[in-house]
Amino acid sequence: MTGSPVRYSPDVEKRQPDEADTIQQLNEAFDVILDRTAEDYGHAVRSVHAKAHGVLKGAFVIDDALPPELAQGAFASPGTHQALIRISTNAGDILRDGISLPRGLAIKVLDVEGERLPGANGTAQDFVTNNGKVFVAKDAKTFLGNVKMLAKTTDRMEGTKEVLSTALRGVHNALEAVGLSSPKVDTLGGTPNVDPLGETYNSVTPYRWGDYIAKYRLVPIAPDQDALTGRIVEAADRPDAIREDVRVEMERLDAEWEFQVQLCRDLEKQPIEDPTVEWDEEISPFQRVAVLRVPAQDSWDAAKVREIDEETRFSIWTGLAAHRPLGNFNRARNETYRHSADFRARVNGCPYHEPTGRGA
């Protein structure tokens, strides 16, 4: 660990002059995905991470006696909060699981007190993560090109995508054998088809951490999850293989992840505006601040599917001002996430709401 943590100030962000235009174009590209999938399925789904593999309820337990630089925002006081969890894959269409893509895990921590972000209704703090360490694009404008390409192939050529995914997994393995990686290869289908319950999940992008700046991650720590880390899901002739496997596993498994924080200590080596850069753990190691505990349960219970998958919206911009998302890409996610959720609510006639754990 080197140096003191960087203190947050608004000038750590560098806005691009055309951000508003880029966001508008992102919404237009996502509209192509949203319209096409809603027409094909007769039901609106998310523009990204459309397919859920498990929906769960658990407890988010904030550690006590945290040092001052970690005891910030929602983590200023110890305590236990109810949490809703959604495990997913990142495509905007609902694909067969033989097409292997990065995993996502979103958490909604209920009943969190503090000043809210603009437009953040309710009292929940959302954390949205995936199992990659860096993002595929440096900024929203670069990502826009990827979204336009995805929009052209949404819900089409599924057999071709599955063949391509198999080939790209071979590319991933070849790169890994020589100590290299390619987020773009993984995002296009080359990521290993791993069991999501054994994965480590990362924020990838930075956030305000009260007086400081941080990234965060979820690391599985339950003994029964060790055997699932790196386990390949066999998806041949099983379009929903991941969902099926997670359901079997969660019926017997008490899952547990440590929630860890990595404070920014060097703005040059740990940039705010470039999520393609992995923050060096030698400069700033991850430190535990909480534990997410998820007891054994039916991970595809119909009532929970409706509550968490259909009626709940997960967004990095739902939460406290003390955990404000930072950087160009995070700023673009604010309006685009809401745009997608509003589309689902309107088409499905099912308004999303911000749940509370009180009285439950």
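Anything mentioned here points back to the structure above.
Cut-offs applied
Residues numbered from 1 in each chain as written. Predicted model: local features only at pLDDT ≥ 70, side-chain atom pairs only at ≥ 80, totals over all residues. Heavy atoms only, no water. Helix = DSSP H or I, 4+ residues; strand = E, 2+ residues; numbered from the N terminus. Buried < 20%, exposed > 50% of the residue type's maximum accessible area, 1.4 Å probe, protein only. Contact = heavy atoms within 4.5 Å. Axes fitted to C-alpha atoms, helices over the stretch in contact; angles between N-to-C directions. Left-handed = near helix turned anticlockwise from the far one by under 90°. Nonpolar A, V, L, I, M, F, W, Y, C, P; charged D, E, K, R; others polar. Phe/Tyr/Trp six-rings, centres within 6.5 Å; stacked < 30°, edge-to-face > 60°. Pairing = 2+ DSSP bridges.

Details of the overall build of the protein
Of the regular secondary structure elements, the protein holds eight helices and nine strands. Here the protein holds 360 residues, and 56% of them are scored as buried. Across the protein, every contact between residues at least 6 apart in sequence was considered, and the portion connecting residues at least 24 apart equals 78%.

Considerations on the packing of helix α1 (residues 19-41) against helix α8 (residues 328-348)
Interhelical geometry of α1 versus α8 gives an angle of 35° and a closest axis separation of 10 Å. For the crossing formed where α1 meets α8, the hand is right-handed. Every residue of α8 that contacts α1 at E19, I23, L26, N27, F30, D31, L34, D35 and A38 is listed here: N328, R331, A332, E335, T336, H339, S340 and F343. Looking at the contact of α1 with α8 residue by residue, the classes come out as seven nonpolar, five polar and five charged.

Side note on the environment of P206
Note that P206 resides in the loop between β5 (201-202) and β6 (207-209). The class for P206 is buried, based on a relative accessible area of 2%. Along the backbone, P206 and E273 are 67 residues apart, and their C-alpha atoms lie at a distance of 8.6 Å. In this structure, P206 is in contact with I213, A214, K215, I272, W279, P325, L326 and N330, ignoring residues within four places of it in sequence.

So, the pairing of strand β3 (residues 103-109)
A large share of β3 lies buried, amounting to seven of its seven residues. Residues R103, L105, I107 and V109 point to one face of β3 and G104, A106 and K108 to the other, with burial holding for every one of them.

Things to note about the environment of I23
Turning to its location among the elements, I23 is positioned in helix α1. Relative accessible area serves as the criterion here: at 12%, I23 is assigned to the buried category. The spacing of I23 and E335 is 312 residues in sequence and 7.4 Å in space, taken between C-alpha atoms. Aside from chain neighbours lying at most four places away, what touches I23 is R331, A332, E335 and T336.

Describing the packing of aromatic side chains
This model, assessed by the stated rule, comprises eleven aromatic pairs. With a centroid separation of 5.9 Å and 70° between ring planes, the pair formed by F60 and F75 is classed as edge-to-face. With F60 in strand β1 (residues 51-62) and F75 in the loop between β1 and β2 (79-89), the pair connects residues that are 15 residues apart, well separated along the chain. The class for F60 is buried, based on a relative accessible area of 1%. Note on F75 and F127: the rings are 6.1 Å apart at their centroids and 50° apart in plane angle, and the pair reads as tilted. Pair noted here: F75 is in the loop between β1 and β2 and F127 is in strand β4 (residues 125-130), with a separation of 52 residues, a long-range link. Of the two residues, F75 and F127, neither departs from the other in class, the shared state being buried. Within the aromatic cluster, the residues linked to one another by ring pairs are F60, F75, F127, Y207, W209, Y216 and F259.

Here we look at the pairing of strand β7 (residues 212-220)
The element β7 is extensively covered by neighbouring structure, given that nine of its nine residues are classed as buried. Burial along β7 is two-sided: Y212, A214, Y216, L218 and P220 and I213, K215, R217 and V219, pointing in opposite directions, are all buried. Here β5 pairs with β7 via two bridges, running antiparallel. Each residue of the ladder has a partner; that of Y201, found in β7, is L218. One ladder, built from three bridges, connects β6 with β7; its direction is antiparallel. Within β7, the position partnered with W209 by the bridge is Y212. Between β6 and β7, which pair antiparallel in sequence order, lie two residues; one of them, G210, sits at a positive phi of approximately 65°.

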